[in-house]
Amino acid sequence: VHGVLGALDVRMALVTPATWKRRAKLLSKPKDAARSLALTLWPESSEFFSLKKHCGRADAALIGLYGQHC
């Protein structure tokens with residue numbers, strides 16, 4: 001993956017959960033807080049975050065948002 005992204009000149013950085021969750025103010029909140037935040041930030045995409053099992057999707061979306069603002 002690193003090689004492909006490097007060949008395509010795509011910037012990549014590894015981020016720890018504590019780092020992006022601190023930026024999103026989710027560090028000491030329950031696991032479902034990321035899903036709630038995603039629903040607040042992207043209400044037009046609520047079908048992607050509507051179920052409790054979508055917490056991984058919410059995490060991924062918030063990590064992407066962190067990457068955009070770094």
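Described below are features of the structure shown in this document.

The rules behind each value
All residue numbers refer to positions counted from 1 along the written sequence of the respective chain. Local features are withheld for residues below a pLDDT of 70 in this predicted model, meaning they are given only at 70 or higher, and side-chain atom pairs are given and counted only at 80 or more; totals for whole chains, interfaces and linings count all residues. The basis for every side-chain value is the complete set of heavy atoms in the structure, and neither hydrogens nor water enter the calculation. By convention a nonpolar core is built from buried Ala, Val, Leu, Ile, Met, Phe, Trp, Tyr and Cys residues, the set being connected through side-chain atoms within 4.5 Å. Any residue under 20% of the maximum accessible area for its type is buried, any over 50% is exposed, and the rest in between are partly exposed; the area is computed with a 1.4 Å probe on protein chains only. Numbering of helices and strands starts at the N terminus; helices are DSSP runs of H or I of at least 4 residues and strands are runs of E of at least 2. Contacts are assigned to residue pairs that have any heavy atoms within 4.5 Å of one another. Of the two site types, the cavity is a set of points on a 1 Å grid over the protein atoms alone where a 1.4 Å probe fits but cannot get out, and the pocket is an open set with protein on both sides within 12 Å along at least five of seven lines, each lined by residues with an atom within 4 Å of a point. Grid points are joined across faces, edges and corners, and a volume is the space filled by probe spheres set on the points. Under the scheme applied here, ten amino acids are nonpolar (Ala, Val, Leu, Ile, Met, Phe, Trp, Tyr, Cys and Pro), four are charged (Asp, Glu, Lys and Arg), and all others, including Gly, are polar. Like charges are joined within 9 Å and nonpolar side chains (Val, Leu, Ile, Met, Phe, Trp, Tyr) within 5 Å, but only among residues with over 30% relative accessible area and no salt bridge; these make up the patches. Exposure was quantified through the Shrake-Rupley algorithm and a 1.4 Å probe, taking into account, for residues, occlusion by the shown protein chains and nothing else. Salt bridges are defined by distance alone: a side-chain nitrogen of Lys or Arg within 4 Å of a carboxyl oxygen of Asp or Glu.

### A few points about the nonpolar core
Membership of the largest hydrophobic core is limited to nine residues, which are Trp20, Leu26, Ala33, Ala34, Ala38, Phe49, Ala58, Leu62 and Tyr66. The set of elements that each furnish at least two residues to this core consists of helix H3 (33-41) and helix H4 (55-68). Ignoring anything within four residues of it in the chain, the contact list for Ala34 reads Leu26, Ala58, Asp59 and Leu62.

### Looking at the layout of surface pockets
Looking at the largest pocket, its volume works out to about 200 Å³. Taken together, Arg11, Met12, Ala13, Leu14, Val15, Ile63, Tyr66, Gly67 and Cys70 make up the lining of the largest pocket. Tallied by class, the residues present in the lining of the largest pocket amount to seven nonpolar, one polar and one charged.

### Brief notes about a nonpolar patch on the surface
On the surface, Val1, Met12 and Leu14 cluster together into a nonpolar patch covering about 370 Å² of accessible area. Position of Leu14 among the secondary structure elements: in the loop between helix H1 (2-7) and helix H2 (17-23). According to the relative accessible area criterion, Leu14 is exposed, its value standing at 77%.

### Here's the deal with the pattern of salt bridges
One pass over the structure, following the stated rule, counts two salt bridges. Close ionic contact of Lys52 with Asp32 constitutes a salt bridge, the shortest N to O distance being 3.7 Å. Placement of Lys52 in the loop between H3 and H4 and of Asp32 in the loop between H2 and H3 is noted, with a sequence separation of 20 residues between them. With relative accessibility at 24%, the residue Asp32 sits in the partly exposed group. Bridged by salt links that share partners, the residues Asp32, Arg35 and Lys52 form one connected network.

These values are about where atoms sit, not about what they do.
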